[in-house]
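Coordinate inspection notes
What follows is each chain in one-letter form.
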Amino acid sequence: MEQFDVPPTPENYAVWICFASDTNPELCETLRAQIEGGDGFTESVNSDLFEQYFQWKAIQDAILESGNLMSRELGAVQQTLEAAERDTVAYGKALAGATHELVASPDEAGMKRLVESLVSATARMQRRSQALENKLQATSNEVTQLKSHLERVREEAMTDALTGIANRKRFDEALRRARRASDTDKSPLSLVLCDIDFFKRFNDTWGHQTGDQIIRFVAGCLTRHSQEHHVVARYGGEEFGIVMPNTDMAAAKEISEKIRKTVESKKLLRKSTNEDLGNITVSLGIAGYRDGESIEELIERSDANLYKSKTEGRNRSTGDEASSQSAAA
Ligand code: GH3
Ligand code: MG
Ligand code: MG
């Protein structure tokens with residue numbers, strides 16, 4: 001990844017680990033072609049690779065599987081309906097025959113035969129109706145299960161596997177929706193970006209797995225201090241974003257500070273060995289949505305504030321106005 005300048009995001013890791021372990025011939029082939037083509041690995045090439053071989057693959061598989069199951073179910077229902085139709089025709093004929101015989105005023109024995117044949121034809125119809133009802137009920141249950149299966153796959157495609165919080169895709173979607181809502185009802189919308197300080201150093205010292213443990217810990221802090229309607233997402237490797245609809249700058253700053261202080265104050269222990277990992281800190285950048293600006297502009301302004309937090313010493317949060325900056329004591 002280093003050789004081709006591929007950023008070490010979770011998505012890119014997934015692609016390249018698969019390449020290194022040679023577990024997906026199709027992906028390996030595509031990657032080799034890209035390398036040989038010499039066009040490099042731009043952000044869009046990287047995200048296309050991930051979508052193609054991981055996200056979309058999972059969704060497509062689920063849709064295909066659901067489609068197959070659905071058509072099998074519908075085929076069975078169709079057969080039951082056809083059989084029911086044949087029985088209905090036969091029943092109609094039995095009734096017509098009975099009417100004809102009644103017109104001819106049958107004797108007592110003939111009447112008995114007639115009633116018996118009508119009773120048995122009616123019983124057959126009843127059984128068929130019952131079977132049809134059962135089949136339809138089973139199909140309806142099956143369709144409900146398929147729907148929830150598809151919903152689960154959709155959920156997975158929007159979730160970051162390492163932390164369980166939203167991934168970049170859901171972040172983008174949430175931000176777009178929040179911006180639309182803010183445009184409509186003029187409610188405040190804040191965006192917080194958060195980045196772990198000196199994380200490369202931490203990773204190099206303690207290893208990637210312990211690094212992952214820290215990413216999960218920070219994700220937990222963000223979730224704990226955010227409100228229920230906020231969307232907390234892993235924006236990139238050790239970067240997070242919180243979309244905060246209906247939240248003004250003051251409230252967003254307050255939450256950001258709570259997050260910062262919680263992360264800073266936690267004494268970290270290595271899970272596997274209980275070794276003292278010291279403390280880590282995060283830097284945050286906050287921007288409030290300005291009427292009419294694009295999503296990109298809003299992200300850029302949050303990012304600029306995050307950058308400010310970094311250059312002015314890290315372990316701090318910076319809001320829109322310079323005067324609203326909060327720093328560690
Ligand atoms: P700064 O304070 O300026 O943010 O410094 P930094 O070292 O945190 O910044 P930089 O962006 O240079 O380093 C980010 C590092 O995050 C690089 C990579 O080693 C690590 N990283 C990215 N994704 C993952 C991941 O999924 N797991 C782990 N363990 N580390 C990751
Ligand atoms: Mg970073
Ligand atoms: Mg960092």
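Check the entry above for the structure.
Note that the structure is predicted; figures quoted are calculated from it, not measured.

1. Topic: the packing of aromatic side chains
Considering all chains together, one arrives at six aromatic pairs under this definition. With a centroid separation of 5.0 Å and an interplanar angle of 75 degrees, the aromatic rings of phenylalanine 171 and tyrosine 235 are classed as edge-to-face. Of the two residues, phenylalanine 171 sits in helix H5 (residues 168-185) while tyrosine 235 sits in the loop between strand E2 (231-234) and strand E3 (239-245), which places them 64 residues apart along the sequence. Of the aromatic side chains, those joined through ring pairs into one cluster are Phe4, Trp16, Phe19 and Phe41.

2. Some words on the coordination of the magnesium ion (ligand 2)
For the magnesium ion (ligand 2), the full set of protein donor atoms is Asp195 (OD), Glu238 (OE) and Glu239 (OE), and the range of their distances to it is 2.0 to 2.6 Å. Written as a sequence motif, the donor arrangement for the magnesium ion (ligand 2) is D-x42-E-E.

3. Notes on the coordination of the magnesium ion (ligand 3)
Every protein donor of the magnesium ion (ligand 3) is accounted for by Asp195 (OD), Ile196 (O) and Glu238 (OE), and the metal-donor separations fall at 2.1 to 2.2 Å. Written as a sequence motif, the donor residues of the magnesium ion (ligand 3) are D-I-x41-E. For the pair the magnesium ion (ligand 3) and the magnesium ion (ligand 2), the metal-to-metal distance amounts to 3.5 Å, and aspartate 195 bridges them. Pair noted here: isoleucine 196 is in strand E1 (residues 189-196) and glutamate 238 is in the loop between E2 and E3, with a separation of 42 residues, a long-range link. Glutamate 238 carries the same exposure label as isoleucine 196, and that label is buried.

4. Comments concerning unusual backbone geometry
In the Ramachandran plot, aspartate 22 falls in the positive-phi region, its phi being about 55 degrees despite a non-glycine side chain. Structurally, aspartate 22 can be placed in the loop between helix H1 (10-20) and helix H2 (25-37). In this model, lysine 186 sits at a positive phi of 60 degrees, which is unusual for a non-glycine residue. Positionally, lysine 186 belongs in the loop between H5 and E1. For lysine 186, a relative accessible area of 56% puts it in the exposed group.

5. A look at the site of ligand 1
Around ligand 1, 18 residues are found, and the nearest of them are Phe198, Phe199, Asn203, Asp212 and Arg314. In the model, an oxygen atom of ligand 1 is placed 3.1 Å from a nitrogen or oxygen of the isoleucine 196 main chain. Arginine 314 is positioned with one of its side-chain polar atoms (N or O) 2.8 Å from an oxygen atom of ligand 1. Isolated, ligand 1 exposes 650 Å² of accessible area, and the fraction of that covered by the protein chains is 77%. Mapped by element, the contributors of at least two residues to the shell around ligand 1 are E1, helix H6 (199-206) and helix H7 (208-225). Ranked by the residues each element gives to the shell around ligand 1, the list is headed by H7, at four residues. Residue composition of the shell around ligand 1, by class: six nonpolar, four polar and eight charged.

6. Section: the nonpolar core
With 29 residues, the main nonpolar core has Ile196, Ile214, Val218, Leu222, Phe240 and Ile280 as its most contacted residues. Elements represented by at least two residues in this core include exactly E1, H6, H7, E3, helix H8 (249-265) and strand E6 (282-288). No other element matches the seven residues that H7 contributes to this core. Core analysis: the second largest hydrophobic core is formed by 17 residues, Leu189, Tyr235, Val243 and Leu306 among them.

7. Some details on a negative patch on the surface
Negative charge collects at one region of the surface, where Glu296, Glu297, Glu300 and Asp303 lie side by side. Mapped onto the fold, glutamate 296 is located in helix H9 (residues 295-311).

8. So, the pairing of E6
Within a regular beta strand, the side chains point alternately toward one face of the sheet and then the other, so they alternate between its two faces. Of all seven residues in E6, seven are buried, a share of seventy percent or more. Residues Val282, Leu284, Ile286 and Gly288 line one face of E6 and the alternating positions Ser283, Gly285 and Ala287 line the opposite face, and both faces are buried. Bridge analysis of E1 against E6 gives seven bridges, and the strand direction is antiparallel. Counted as the bridge partner of cysteine 194 is leucine 284 from E6.

9. Some thoughts on the packing of helix H3 (residues 43-103) against helix H4 (residues 108-157)
The interhelical angle for the contact between H3 and H4, taken along N-to-C directions, is 170 degrees, at an axis separation of 9 Å. By the angle between their directions, the pair H3 and H4 is classed as roughly antiparallel.

10. Focus on the pattern of salt bridges
Scanning the entire structure with this criterion turns up 18 salt bridges. Aspartate 87 is the salt-bridge partner of arginine 128, the closest N and O atoms lying 2.8 Å from each other. Taken as a pair, arginine 128 in helix H4 and aspartate 87 in helix H3 lie far apart in primary sequence, 41 residues in all. Given the relative accessible area of 19%, aspartate 87 is considered buried. In this structure, a network of salt bridges that share partners links the residues Asp195, Asp197 and Lys310.

Criteria and cut-off values
- Every residue gets a number counted from 1 within its own chain, in the order that chain's sequence is written.
- Following the order in which they are written, the chains are lettered starting with A and the ligands numbered starting with 1.
- Predicted model: local features are reported for residues with pLDDT of at least 70 only, side-chain atom pairs are reported and counted for 80 or more only, and whole-chain, interface and lining totals are derived from all residues.
- With hydrogens and water excluded, all non-hydrogen atoms of the structure serve as input to the side-chain values.
- Working definition: rings of Phe, Tyr and Trp (its six-membered ring) pair if their centres are within 6.5 Å, and the pair is stacked with planes under 30 degrees apart, edge-to-face with planes over 60 apart, and tilted otherwise.
- By definition, any uninterrupted DSSP run of H or I lasting at least four residues is a helix, any uninterrupted run of E lasting at least two residues is a strand, and each is numbered from the N terminus.
- For Na, K and Ca the donor cutoff is 3.2 Å, while for all other metals N, O and S atoms must lie within 2.8 Å; water is not among the atoms, so some sites may look incomplete.
- Only protein chains enter the accessibility calculation, which uses a 1.4 Å probe; a residue is then buried when its area is under 20% of its type maximum, exposed when over 50%, and partly exposed in between.
- Residues are counted as near a molecule or strand when any one of their heavy atoms sits within 4 Å of it.
- In protein, a polar contact requires one atom able to donate a hydrogen and another able to accept it; more generally it is a pair of N or O atoms within 3.5 Å, and residues adjacent in sequence count only if both atoms are side-chain atoms.
- Areas reported here follow the Shrake-Rupley algorithm with a probe of radius 1.4 Å; residue values treat only the protein chains shown as occluding.
- Gly falls in the polar group here, along with every residue not listed as nonpolar (Ala, Val, Leu, Ile, Met, Phe, Trp, Tyr, Cys, Pro) or charged (Asp, Glu, Lys, Arg).
- Here, nonpolar core refers to any group of buried Ala, Val, Leu, Ile, Met, Phe, Trp, Tyr and Cys residues whose side-chain atoms link them within 4.5 Å.
- Within this analysis, patches are made of residues with over 30% relative accessible area and no salt bridge. Like charges are joined at 9 Å or less; nonpolar side chains (Val, Leu, Ile, Met, Phe, Trp, Tyr) at 5 Å or less.
- One side-chain nitrogen of Lys or Arg within 4 Å of one carboxyl oxygen of Asp or Glu is enough to make a salt bridge.
- His is not counted, nor are the chain ends; Lys and Arg add positive charge and Asp and Glu add negative charge.
- Where a charge lies is defined by one atom per residue type, namely NZ (Lys), CZ (Arg), CG (Asp) and CD (Glu).
- One bridge is not enough; two strands pair if DSSP finds at least two bridges between them.
- To define axes, lines are fitted to C-alpha atoms, for helices over the stretch in contact only, and angles between the resulting N-to-C directions are given on a 0 to 180 degree scale.
- We call two directions roughly parallel when the angle between them is under 35 degrees, roughly antiparallel when it is over 145, roughly perpendicular when it lies between 65 and 115, and oblique otherwise.

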